[in-house]
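Descriptive structure summary
As a plain string of letters, each chain reads:
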Amino acid sequence: MALLLGFLFLCGVADLIGSVSITTPEQTVQEARGETVHLPCLFTLSPEDLGPLDIEWLQLSGPNNEAMDHVVILYTVDKIYSDFHQDLKGRVHFTSKDIASGDASMKIRNVRPADSGTYQCRVKKAPGVAKTTIQLTVVDLIGSVSITTPEQTVQEARGETVHLPCMFTFISKDQGLLDIEWLRLSGPNNEAIDSVVILYSADKTHDDVYPDLKGRVYFTGNDIRSGDASINITNVQLSDAGTYQCKVKTYPGIVNRNLQLAVTNLIGSVSITTPEQTVQEARGETIHLPCMFTLSPEDRGPVFIDWMQLTGPQNEVVNRMFIVYLADKIYKDFYQDMKERVQFTSNDVRSGDASINIANVQLSDAGTYQCGVAHALGTAKRIVQVTVVG
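Residues numbered from 1 in each chain as written. Predicted model: local features only at pLDDT ≥ 70, side-chain atom pairs only at ≥ 80, totals over all residues. Heavy atoms only, no water.

Sheets are built from strands that pair by backbone hydrogen bonding, the pairs being arranged parallel or antiparallel. Ordered by their spatial adjacency, six strands build an open sheet running S24-S33-S32-S27-S28-S29, and the pairing between neighbours is mixed. Edge positions in the sheet fall to strand S24 (277-282) and strand S29 (329-331), since each has one partner strand and no second. Neighbour to neighbour, the strand axes of the sheet diverge by 25° on average, direction disregarded. Note that S24 and strand S33 (residues 378-389) share six bridges and pair parallel. Paired with Ala282 across the bridge in S33 is Val389. (Pairing = 2+ DSSP bridges. Helix = DSSP H or I, 4+ residues; strand = E, 2+ residues; numbered from the N terminus. Axes fitted to C-alpha atoms, helices over the stretch in contact; angles between N-to-C directions.)

On average, residues of the chain score 85 in pLDDT, and 91% of them are at 70 or above. Confidence drops under a pLDDT of 50 for residues 1-17, and excluding neighbours within four residues, the segment shows 24 contacts in the predicted structure. (pLDDT = per-residue confidence, 0-100. Contact = heavy atoms within 4.5 Å.)

Before going further, it helps to spend a moment on the packing of aromatic side chains. According to the stated counting rule, one finds five aromatic pairs in the structure shown. On the numbers, 6.5 Å between centres and 85° between planes, the contact of Tyr75 with Phe94 is edge-to-face. In this pair, Tyr75 is assigned in strand S6 (residues 67-76) and Phe94 in strand S8 (residues 92-94), connecting sequence segments 19 residues apart. Judged by relative accessible area, which is 9%, Phe94 ranks as buried. An angle of 85° between the planes, with centres 5.6 Å apart, marks the rings of Phe168 and Phe170 as edge-to-face. (Phe/Tyr/Trp six-rings, centres within 6.5 Å; stacked < 30°, edge-to-face > 60°. Buried < 20%, exposed > 50% of the residue type's maximum accessible area, 1.4 Å probe, protein only.)

A word on the pairing of strand S27 (residues 303-311). With eight of nine residues buried, S27 lies mostly within the body of the structure. Of the strand pairs in this sheet, S27 and strand S32 (residues 367-375) are connected by eight bridges, and their pairing is antiparallel. Bridge assignment links Val303 to a residue of S32, and that residue is His375. Here eight bridges tie S27 to strand S28 (residues 317-326), and the two strands are oriented antiparallel to one another. Note that in S28 the partner of Met308 across the bridge is Met321.

To continue, consider the environment of Gly284. As for its position among the elements, Gly284 is in the loop between S24 and strand S25 (287-289). Leave out the neighbours within four places in its chain, and Gly284 touches Asn360 and Val361.

With that out of the way, let us pick up the sheet that holds strand S2 (residues 27-32). Spatial ordering of the open sheet is given by S2-S11-S10-S5-S6-S7, a layout of six strands whose pairing is mixed. Of all strands in the sheet, those with a lone pairing partner are S2 and strand S7 (79-81), marking the two edges. Averaged over all adjacent pairs, the angle separating strand axes in this sheet is 25°, with direction ignored. Looking at chain direction, strand S5 (residues 53-61) and strand S10 (residues 117-125) are connected through eight bridges and run antiparallel. If you follow Leu58 over to S10, its bridge partner there is Gln120.

Time to look at the state of the cysteines. Tallied over the entire structure, the rule returns three disulfides. Across a sulfur-sulfur distance of 2.1 Å, Cys41 and Cys121 are joined as a disulfide pair. For the disulfide bridge between Cys41 and Cys121, the dihedral angle about the S-S bond is near -70°, and by the sign convention the bridge is left-handed. Taken together, the residues span a long stretch of sequence, with Cys41 in the loop between strand S3 (37-39) and strand S4 (43-44) and Cys121 in strand S10 at a distance of 80 residues. Cys41 gets classed as buried once you look at its relative accessible area, which sits at 0%. Sulfur-sulfur distance for the disulfide between Cys291 and Cys371 comes to 2.1 Å. Because the torsion about its S-S bond is -75°, the bridge between Cys291 and Cys371 counts as left-handed. In this pair, Cys291 is assigned in the loop between S25 and strand S26 (293-294) and Cys371 in strand S32, connecting sequence segments 80 residues apart. (Disulfide = S-S within 2.5 Å.)

With that settled, the discussion passes to the pattern of salt bridges. Tallying each qualifying case throughout the model produces seven salt bridges. Across the pair Glu56 and Lys124 runs a salt bridge whose closest N-O atoms are separated by 3.4 Å. Placement of the pair is Glu56 in strand S5 and Lys124 in strand S10, with a sequence separation of 68 residues. Note that Glu181 is salt-bridged to Lys249, the shortest N-O span being 3.6 Å. In this pair, Glu181 sits in strand S16 (residues 179-186) while Lys249 sits in strand S21 (residues 242-250), placing the two residues 68 residues apart along the sequence. Overlapping salt bridges, with partners in common, bring together Glu156, Glu160 and Lys381 in one network. (Salt bridge = Lys/Arg side-chain N within 4 Å of Asp/Glu carboxyl O.)

Before going further, it helps to spend a moment on the environment of Ala192. Looking at the secondary structure, you find Ala192 in strand S17 (residues 192-201). It is 45 Å that separates the C-alpha atoms of Ala192 and His288, two residues lying 96 residues apart in sequence. Not counting chain neighbours up to four residues away, the residues in contact with Ala192 comprise Lys107, Arg184, Leu185 and Ser186.

Turning to the pairing of S28, a few remarks are in order. Within S28, seven of the ten residues are buried, leaving the element largely enclosed by the surrounding structure. What sits between the antiparallel neighbours S27 and S28 is a turn of five residues, in which Gly312 has the positive phi angle 100°. Of the strand pairs in this sheet, S28 and S29 are connected by three bridges, and their pairing is antiparallel. Residue pairing for S29: Leu326 is matched across the bridge by Lys329. The antiparallel pairing of S28 with S29 creates a hairpin that spans two residues between the two strands, and Ala327 there sits at a positive phi of about 50°.

Shown next, in the form of structure tokens:
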């Protein structure tokens, strides 16, 4: 093994750049203490690359990153070696199960401020050698940004459009670069990142990073920087169920929120008895949006109720979620324009009355509203059209 490593490092010193190509740009990655950080390294090979595939992740030091401090993880002869660096032992892994396909990215679990530094991904397949450098910054405090959406389970029927909320606020006035990641997690404690679902970075959206959701996932807000990082997934499938994480980063703050998505195969025994209708009220008055429902004995577990405002030609787009009832608690601070104006009318929502009132109704409140009730295997929805006259 020592001879093998010596040979690999000797090849690294030669630093001959051939036909191997790393497509991941050099970048700075920021993460909060205790989280799992993802250091990307995607590469491509060409027919001229005939030798064995070797991948090294190194930790560098020095004014110009000219010194190699440690080998972090190594892939060679179809085997992985990850016990070189005692401080990272048991915490560092390749993210892909098929590294040779072109993904040499790695992740570090339970990251610490001491892990901050410069990491280099080096891919070698004779005669080609390519490398990229990632600067990792681990922040000790979650400071300048806060997610107001509570952790929750969102349930939807197969084939429908599901809304995963993620509302955030800036604590400080000094707003830096904003990065938003939606991740899909796995593992007993949701410690593993399965996939990046959608990204927002440098005022651009990247929604083609996860093939299973390509063309089906999008941010719902037109202005993400205003504080709405929520997403929709259209034509939701049973295989989409799982744990999703919304991660909001703006230096020096990083905060995340986990949402559990449950997809049911059948729309079951929940029933909304209120018919679809149009409700009209004068500006400045209190408007009542009715939503009466019934449950059957098969519906066990917590009741989840959400009221949303919809847009689009077929009301297929969730414009905003503004009040939620979950686990006997009410959340109504998602939408600033309705904060303190909206409330459930019943003191006992579970009894079958999910109706709401909106006080001091404005012309801008007019539109299409949807009441959704979910309970175990049962899901039901009803639309109410609101008209406000001046």
